[in-house]
Amino acid sequence: MSRTSTILGNTHLVVDIGVAHPPATTIVERKGLGHPDTLADHLAERLSRAYSRYTVERFGAVLHHNFDKLALLGGASEVRYGAGRMTDPVRVLVNGRAAPMCGGERIPVEEIVEAEVRAFFARRLPEVSDHLDITFNITSNSSPGAVLTGDEVPDRTRWFNPRSIEDLRERRVRLSNDTSLGTGWAPENVFESFVRELVDHFSGESDFTLSHAWCGSDVKLMGYWDGEQADVVLCVPQKSRLVASRAEYVRNTESVLAECHRLAGLRLPRAETRFRLNARDVPEKDELYLTYTGSSIESGDEGVVGRGNRVNGLITPLRPMNLEGANGKNPVYHVGKLYNIAARRLAQRLHEATDGHAEVHLVSTTGQRLDQPWRVLVRLSSPDAEADKVQAMVAEAMAEFPALTDELVSDGIVLS
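Residues numbered from 1 in each chain as written. Predicted model: local features only at pLDDT ≥ 70, side-chain atom pairs only at ≥ 80, totals over all residues. Heavy atoms only, no water.

Draft legend 1. Region of interest: the overall build of the protein chain. Per the secondary structure count, the protein chain includes 8 helices and 20 strands. The C-alpha radius of gyration of the protein chain comes to 23 Å, within 12% of the 22 Å expected for a compact globule of 416 residues. Principal-axis analysis of the C-alpha atoms gives the protein chain an extent of 75 × 55 × 30 Å. Looking at the 416 residues of the protein chain, the share that counts as buried comes to 52%. With the model as given, the accessible surface of the protein chain reaches about 18,600 Å², and the carbon-plus-sulfur share is 49%. Each charge class in the protein chain can be summarised by its mean position, and for the 48 positive and 58 negative side chains these summaries are 2 Å apart. (Helix = DSSP H or I, 4+ residues; strand = E, 2+ residues; numbered from the N terminus. Rg over C-alpha atoms; globule rule 2.2 N^0.38 Å. Buried < 20%, exposed > 50% of the residue type's maximum accessible area, 1.4 Å probe, protein only. Areas by Shrake-Rupley, 256 points an atom, 1.4 Å probe, with all protein chains shown as cover. Lys, Arg positive; Asp, Glu negative; His and termini not counted. Charge placed at Lys NZ, Arg CZ, Asp CG, Glu CD.)

Below you can see the structure in the form of structure tokens.
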């Protein structure tokens, strides 16, 4: 292995070339579209983008906000064969901050949020959409650092109450909001890609779910792979009003397992693959993954931003990753969002350029320029990678943050 170390402005760039390729052994988890943590992630991001679009259209800039502490508290339901109902609502705790005014003009924050929450559930979990209790915990309090020394108002106190968009410091220079880390790697191995596809197949819109309406979306998969054999534990709920009996539930599980083996034959053709479905079921006691809505959010489970899939859509403890909850963060200068996206994209480019494994780690310092991370670590398996070309690709990626913001606000980037 060789290492080069370079100072680029305020950034210390280290490039390791010829590092060991990751071993085949893989542990990977993915949570589907109806999992409470995925619901919380996707709703928080939807709120951020809706608020951003409103302020861009009205004032010409994304105003300060963050919805990345949103939480969902599960309701209660009754489930019977062929029937079911909600008995207590799902509580939506909209926690965060958002500028409520700009230049004396009111921003209808709560109205925007409520409309987006209801539209989100109407599409994602329609059985829940009329059973929501929305609680607003949205402030416009400034971050620490506004020291009062006289009659003048510190600039920091205007971050969430700007007189105009000229009070937004990022209009002049984008500074990192936090000391944090963004991580990316490429490529996915064949098993990681299979896990993503399988969960999406059962939790999203696919030929299977369109023809099997009883299939719920709160899907979760944990998989283990050693390069030759795959062992998968999978949870796939069924919707109670479309399942008339225990026998029908069992037949449906057999359909899911058959579909699992069919897809494994296509994607992992030379591997021995074992599946365990709904491992907690006890059919003879009617203890089954049978739900009214297709999600455990209906009956006491909770969802919190940042506890689900990482930015790349997977949870991979044997790969480099961090614990940032990217969804709902401000898309202009929050490094917990932007650095993870940038690191993943840069890793993919480096993989394509070197035809080997690539890792990228971007480390920020709060208050330092967003496009000049404190530390950048690049690790490449290819022994032939050229450090100067890597340096140029890093510089190019760091110049793309304004475009990343635009892409996020316009729904051009899918997170988790």
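Draft legend 2. Structural view of the sheet that holds strand β3 (residues 26–31). An order of β3-β13-β14-β16 is seen for the 4 strands of this open sheet, with the pairing classed as mixed. The sheet is open, and its two edges are formed by β3 and β16 (272–277), each paired on a single side. The average undirected angle you get between the axes of adjacent strands in this sheet is 15°. Bridge analysis of β3 against strand β13 (residues 220–225) gives 6 bridges, and the strand direction is antiparallel. (Pairing = 2+ DSSP bridges. Axes fitted to C-alpha atoms, helices over the stretch in contact; angles between N-to-C directions.)

Draft legend 3. Representation of the packing of aromatic side chains in the model. In total, this model carries 8 aromatic pairs according to the counting rule given. Looking at Arg-58, its charged tip hangs above the ring of Phe-59, at a distance of 5.7 Å from the centre. (Phe/Tyr/Trp six-rings, centres within 6.5 Å; stacked < 30°, edge-to-face > 60°. Lys NZ or Arg CZ within 6 Å of the ring centre and 35° of its normal.)

Draft legend 4. Summary view of the pattern of salt bridges. Across all of its chains, the model carries 35 salt bridges by this definition. Measuring nitrogen to oxygen at the nearest pair gives 3.8 Å for the salt bridge that ties Arg-80 to Glu-78. For Arg-163, the salt bridge is made with Asp-167, and the minimal N-O distance between the two is 2.8 Å. Using a relative accessible area of 14% as the deciding quantity, one classes Asp-167 as buried. Through salt bridges with shared partners, one network takes in Glu-45, Arg-49, Arg-53, Lys-337 and Asp-411. (Salt bridge = Lys/Arg side-chain N within 4 Å of Asp/Glu carboxyl O.)

Draft legend 5. Representation of helix α2 (residues 109–124) in the model. The end-to-end C-alpha distance of α2 is 22 Å, a good match for the 22 Å that 16 residues give at a rise of 1.5 Å each. Buried residues belonging to α2 abut α1 (36–59), β5 (71–73), β8 (90–98) and β11 (132–139). (Expected span 1.5 Å × (residues − 1). Contact = heavy atoms within 4.5 Å.)

Draft legend 6. Looking closely at the sheet that holds strand β12 (residues 181–186). Reading across from one edge, β1-β2-β20-β19-β12 is the order of the 5 strands in this open sheet, with mixed pairing throughout. Two strands in the sheet have a free side with no partner beyond their single neighbour: β1 (2–8) and β12. The average angle at which neighbouring strand axes cross in this sheet is 10°, direction not considered. Where strand β2 (residues 11–17) lies against strand β20 (residues 375–380), 6 bridges are found, and the strand directions are parallel. The residue bridging Leu-13 from the neighbouring strand is Val-376, located in β20.

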